[in-house]
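Survey of secondary and tertiary structure
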Amino acid sequence: MLTPTLQARSLSKRFGDRVALRDVSFLLESGEILAVIGPNGAGKTTLLSLLAGAAKPTAGEVIAPPGERIGWVPQQTALYSKLSVLENLRLFARLERVADPDLAVAAMLEQTGLRERAGEQLGRLSGGNRQRVNIAIGLIAQPAVALLDEPSASLDPRQRERLWRFIAARAQAGTGIVFTTHDIAEAERYAARVLVLADGELLFSGSPADLRSHGSGDIESAFVSFLRERGH
Amino acid sequence: MAAVRFLLAKDLRILRRSPALSLLLILYPAALAVLIGLALSRGPGLPRVAFLNEIPPSQSVITLGTTRIDTTRYERQLFQAIDPVRVSSRAQAIADVRDGSTIAALIIPPDLPHLLASADQSAYVQVIYNGDAINQSLVETAIESKLAQANALLAVQLENVAGSYIDLLLSGGRLNFLGLAFNVLGLRDSATILNGVLSGLPRGSPLRAKLSPVAAFAKIAVDNLGSAKAVIGAVGAPIVVHQQTINGRRTPLDFYAVSIAVTVSLMFVCLLLASGTLALEREENTLERLRRGLVSPTALLGEKALLASVCAVFVGFAMLVGIGIFVPLDWGRVVLWLLALAGGALAFATLGVALGGIVRDVRAASLLALLVSFPLVFLALVPAGSVAVGLYDAIRVVSAVFPFKAALEAVDAAVNRSSPSLLAALGHLALLVLAFGTLARVGLRR
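Residues numbered from 1 in each chain as written. Chains lettered and ligands numbered in written order. Predicted model: local features only at pLDDT ≥ 70, side-chain atom pairs only at ≥ 80, totals over all residues. Heavy atoms only, no water.

**Brief notes about the sheet that holds strand 6 (residues 126-129) of chain B**
All names here are of chain B. Strands sit in the order 4-1-5-6 across an open sheet of four strands; the sheet is mixed. Where the open sheet ends on each side, the last strands, each with one partner, are strand 4 (83-86) and strand 6. Across this sheet, the average inter-strand angle for adjacent strands is 30°, counted without regard to direction. Where strand 1 (residues 48-53) lies against strand 5 (residues 104-108), five bridges are found, and the strand directions are parallel. Pairing of A50 across the sheet is with A105, part of strand 5. (Pairing = 2+ DSSP bridges. Helix = DSSP H or I, 4+ residues; strand = E, 2+ residues; numbered from the N terminus. Axes fitted to C-alpha atoms, helices over the stretch in contact; angles between N-to-C directions.)

**Focus: the interface of chain B and chain A**
In this complex, chain B contributes 20 residues to the contact, which on the side of chain A involves 27 residues. When the buried area of chain B at its contact with chain A is split by residue, B:R17, B:R289 and B:R292 rank highest and sum to 36% of it. Connecting chain B to chain A are two salt bridges. Of all the elements, helix 1 (residues 2-16) of chain B adds the most residues to the side of chain B that touches chain A, at six residues. Of the residues assigned to the side of chain B that touches chain A, the class counts are seven nonpolar, four polar and nine charged. (Contact = heavy atoms within 4.5 Å. Buried area = accessible area lost by both parts, 1.4 Å probe. Salt bridge = Lys/Arg side-chain N within 4 Å of Asp/Glu carboxyl O. Nonpolar A, V, L, I, M, F, W, Y, C, P; charged D, E, K, R; others polar.)

**A closer look at unusual backbone geometry**
As a rule of thumb, non-glycine residues mostly have phi less than zero, and peptide bonds are mostly trans rather than cis. All names here are of chain A. Backbone geometry at S10 places phi at a positive 50°, although glycine is not the residue there. Position of S10 relative to the elements: it lies in strand 1 (residues 4-15). Phi angles above zero are rare outside glycine, and D199 is one such case at about 50°. Along the chain, D199 turns up in the loop between strand 8 (193-198) and strand 9 (201-206).

**A short note on the layout of surface pockets**
Estimated volume of the largest pocket: approximately 1100 Å³. What lines the largest pocket is a set of 42 residues, among which A:S49, A:A54, A:A55, B:E288 and B:R291 lie closest to the centre. With five residues, the single largest contributor to the lining of the largest pocket is helix 1 (residues 44-52) of chain A. Classifying every residue of the lining of the largest pocket gives 12 nonpolar, 14 polar and 16 charged. (1 Å grid on protein atoms, 1.4 Å probe; cavity = no way out; pocket = protein on both sides within 12 Å on 5 of 7 lines; lining within 4 Å. Points joined across faces, edges and corners; volume = space filled by probe spheres on them.)

**Considering the pairing of strand 9 of chain A**
Residues and elements named next belong to chain A. Of the strand pairs in this sheet, strand 8 and strand 9 are connected by five bridges, and their pairing is antiparallel. Note that in strand 9 the partner of V196 across the bridge is F204. Joining the antiparallel neighbours strand 8 and strand 9 is a turn of two residues, in which D199 adopts a positive phi near 50°.

**Thoughts on the confidence of the model for chain A**
Summing up the model confidence of chain A, the mean pLDDT is 90 and the portion of residues at 70 or higher is 98%. Ranking the elements of chain A by mean pLDDT puts helix 8 (residues 219-229) of chain A last, at 87, and helix 2 (residues 85-95) of chain A first, at 96. (pLDDT = per-residue confidence, 0-100.)

**Overview of the side chain of A:T77**
For A:T77, the position within the fold is in the loop between strand 5 (70-73) and helix 2. Overall, the relative accessible area of 19% leaves A:T77 in the buried class. (Buried < 20%, exposed > 50% of the residue type's maximum accessible area, 1.4 Å probe, protein only.)

**Some points on the domain arrangement of chain A**
Residues and elements named next belong to chain A. Assigned domains within chain A: domain 1 (4-68 + 144-229) and domain 2 (84-143). On a C-alpha basis, the centroid separation for the pair domain 1 and domain 2 is 24 Å. The partner domain 2 presents 14 residues to the 14 residues of domain 1 that form the contact. A combined buried area of about 1200 Å² lies between domain 1 and domain 2, and 55% of that area is made up of carbon and sulfur atoms. Together, R162, F166 and R170 form the three largest contributors to the area buried by domain 1 at its contact with domain 2, with a combined 46%. (Domains from an automatic or database assignment.)

**Quick word on the environment of B:V87**
All names here are of chain B. Looking at the element boundaries, V87 is found in the loop between strand 4 and helix 4 (90-98). Classification of V87 as buried rests on a relative accessible area of 10%. In this structure, the C-alpha to C-alpha distance between V87 and V49, residues 38 residues apart in sequence, is 10.0 Å. Dropping the residues within four chain positions of it, V87 is found in contact with A50, F51, L52, Q92, A93 and D96.

**A few points about empty space enclosed by the protein**
Considering all chains together, one arrives at two cavities of 30 Å³ or more under this definition. Volume-wise, the largest cavity comes out at about 100 Å³. Secondary-structure elements contributing two or more residues to the lining of the largest cavity are helix 3 (101-112), helix 4 (127-139) and helix 5 (157-172) of chain A. With four residues, the single largest contributor to the lining of the largest cavity is helix 5 of chain A. There is about 50 Å³ of room inside the second largest cavity. For the second largest cavity, the full set of lining residues is A:G71, A:W72, A:F92, A:E96, A:I137, A:G138, B:R289, B:R292 and B:L294. Residue assignment for the lining of the second largest cavity shows that the elements contributing at least two residues are strand 5 and helix 4 of chain A.

**Thoughts on the state of the cysteines**
Cysteine pairs can be linked by a disulfide, which is a covalent bond between their two sulfur atoms. All names here are of chain B. Inspection of the entire model under this criterion finds zero disulfides over all chains. Left unpaired, C270 is separated from the closest cysteine sulfur, that of C311, by 8.7 Å. Residue classification places C311 among the buried positions, given a relative accessible area of 16%. (Disulfide = S-S within 2.5 Å.)

**Comments concerning helix 2 of chain A**
Buried residues dominate helix 2 of chain A, accounting for eight of its 11 residues. Three or more residues of helix 2 of chain A are buried, namely A:V85, A:E87, A:N88, A:L89, A:L91, A:F92, A:A93 and A:L95. Those residues of helix 2 of chain A that are buried are in contact with helix 3 and helix 4 of chain A together with helix 1 and helix 10 (286-291) of chain B. Where helix 2 of chain A ends, the next residue or the one after it, A:R97, has phi of about 55°, a positive value.

**Describing the packing of aromatic side chains**
Working definition: an aromatic ring pair is given by the centre-to-centre distance plus the angle between the planes. Across all of its chains, the model carries nine aromatic pairs over all chains by this definition. Note that B:R289 overlies the ring of A:F92, its terminal NZ or CZ placed 5.6 Å from the centroid. (Phe/Tyr/Trp six-rings, centres within 6.5 Å; stacked < 30°, edge-to-face > 60°. Lys NZ or Arg CZ within 6 Å of the ring centre and 35° of its normal.)

**Some points on the nonpolar core**
A:L89, A:L95, A:V196, A:L211 and B:F404 are the most contacted members of the largest nonpolar core, which has 127 residues in total. For this core, the leading source of residues is helix 9 (residues 253-283) of chain B, giving 16 residues. Each of two domains, domain 1 (4-68 + 144-229) and domain 2 (84-143) of chain A, supplies a minimum of three residues to this core. Leave out the neighbours within four places in its chain, and A:L95 touches B:A3, B:F6, B:L7, B:L290, B:L294 and B:V295. If you look at the next biggest cluster of nonpolar residues, it comprises 23 residues, including A:L6, A:L34, A:V36 and A:L197. (Core = buried A, V, L, I, M, F, W, Y, C linked by side-chain atoms within 4.5 Å.)

**Topic: the pattern of salt bridges**
A complete count under the given rule lists 16 salt bridges over all chains for this structure. Between A:R165 and A:E161 there is a salt bridge, and its shortest N-O distance comes to 3.2 Å. With A:R165 and A:E161 both in helix 5, this residue pair falls four residues apart, about one helical turn. Residue classification places A:R165 among the exposed positions, given a relative accessible area of 53%. Between B:D11 and B:K10 there is a salt bridge whose closest N-O contact spans 2.8 Å. Each of B:K10, B:D11, B:E281, B:E303 and B:K304 takes part in salt bridges that share partners, so that together they form one network.

In structure tokens:
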């Protein structure tokens, strides 16, 4: 049976007068893959920042089991471009207090297919490879929950496929996954559940099939129809 | 502490991989130290000035009374202020100034000895400039200061001549005039003779009535002319300076320049490194990763401040060692140097992280650091009395709330034993570290 690993309770976030997120609640089960979709400015990145602890909510709370790590892969790569792939991974493994940093780094290089490029400086890598390192750092501490903000945005189809294989393996091992995406088909393909955000409000929480039922065509058309129905 | 160690190692590695910045950090203090050392040990060069002396050699010595004055002595006095290029004519002097081979021309006119001897007109020298304001100012300052010294020497000579005449009038003696020698009686002897004559005259003698005012005048003249020499001396040098330094030992200007150079370097290295390394965390988007509990804000700010401080102390110390090759510094105070450098560096670095916390990228951090630091240096060096009292008070307040002045005082106290004391300056710096540390924490929350 799946167990809850992360709970968002009435999360709200204001930036001055602007409400970025309004009273969002949901529960993430262990091993569950949850997609957060919505138009630009819906509050997807804000939600993940709050869940990751990178920002503080104006109201509400994030509840995670004590002692459990939450891995975070921000939308923009958060890496040191003057350091090599290996040095970046090793630094964050140490900062995350991973028991055996070298072992964790070696495993992550293998899983992300970056072993050959371990010695290269980040600044010299392509956007896709930088994103792979970005994801590797977010997951290096074997977190109970992984939060990925548009993880496939700068990846080519082959890298994308590899990424989802990697994420699926993590989920099977019990890691709860939350990811944001603009690619609705990707959400349908890989997520067990979808959250639809618009203007900071949570409009929908259910399976991709439930979302698809809001339209007659593919899931993207259903998503647009759904938003229109709800006045967005 | 382990996180700080990891971040320190990471930042040092990044620094090492930024060769332009590292080279600048090494070359900047080295070049500055050598330049300051050379400037302080060799002194300024003399301006090249075309020199024409139109006084015929036979007339270079003038006679005032019994005193002979050699005008070439004053020529030598002027040569201490300039690098003279002797020319043979006015036309050549002007040509030299025009083509820039000399920055001015100094001409001693032929009638200078005559004018000096006649004492009824001011003697003069002529200076021709090339119209360049800076050069003109340089030569003007150099020549005028030496002319003032020459005038003072001449005034002493004239005072001696006048004094000898007064002595002759008072006490009598031999006077040489136009090759002839005269015996002068003198007022004292005249008074003695008159008093002798008066005492030998009968009480009712009409001659006594006529001579008595003359004897009284002689007495007044003797009494007052005696003090005339002192009056002439006072006119020759109406005001002399008696120096007294209060409020502890003051540093000579050239040694103060050492303290300024070291403090400025300390400031630049600290501000640029501390603000830059913190801004880099924002620029690379790693700040949010780190703030998620990997490193506490205090540890993160402390790490940046520590890195910048250690580098800046190294740079400052290297500068002092470099300058010490040229200028005699007290090596027995090395521990105090390091203490002052560390105090100043920590305060600058804390200001640096406060600046770095409010900007989003390294370029903005560097620009902000420069924008803040330049006015601080200028304000801290504004001397008391050079601006209005209210403005100076405002400058003092601004200088007190930023670390430059306090760091300069600490370095100067450590290197030159100046006042205020090193302890007072370090106390001031500690307060600034607390204040800017608090501001940096607030800035980091943005």
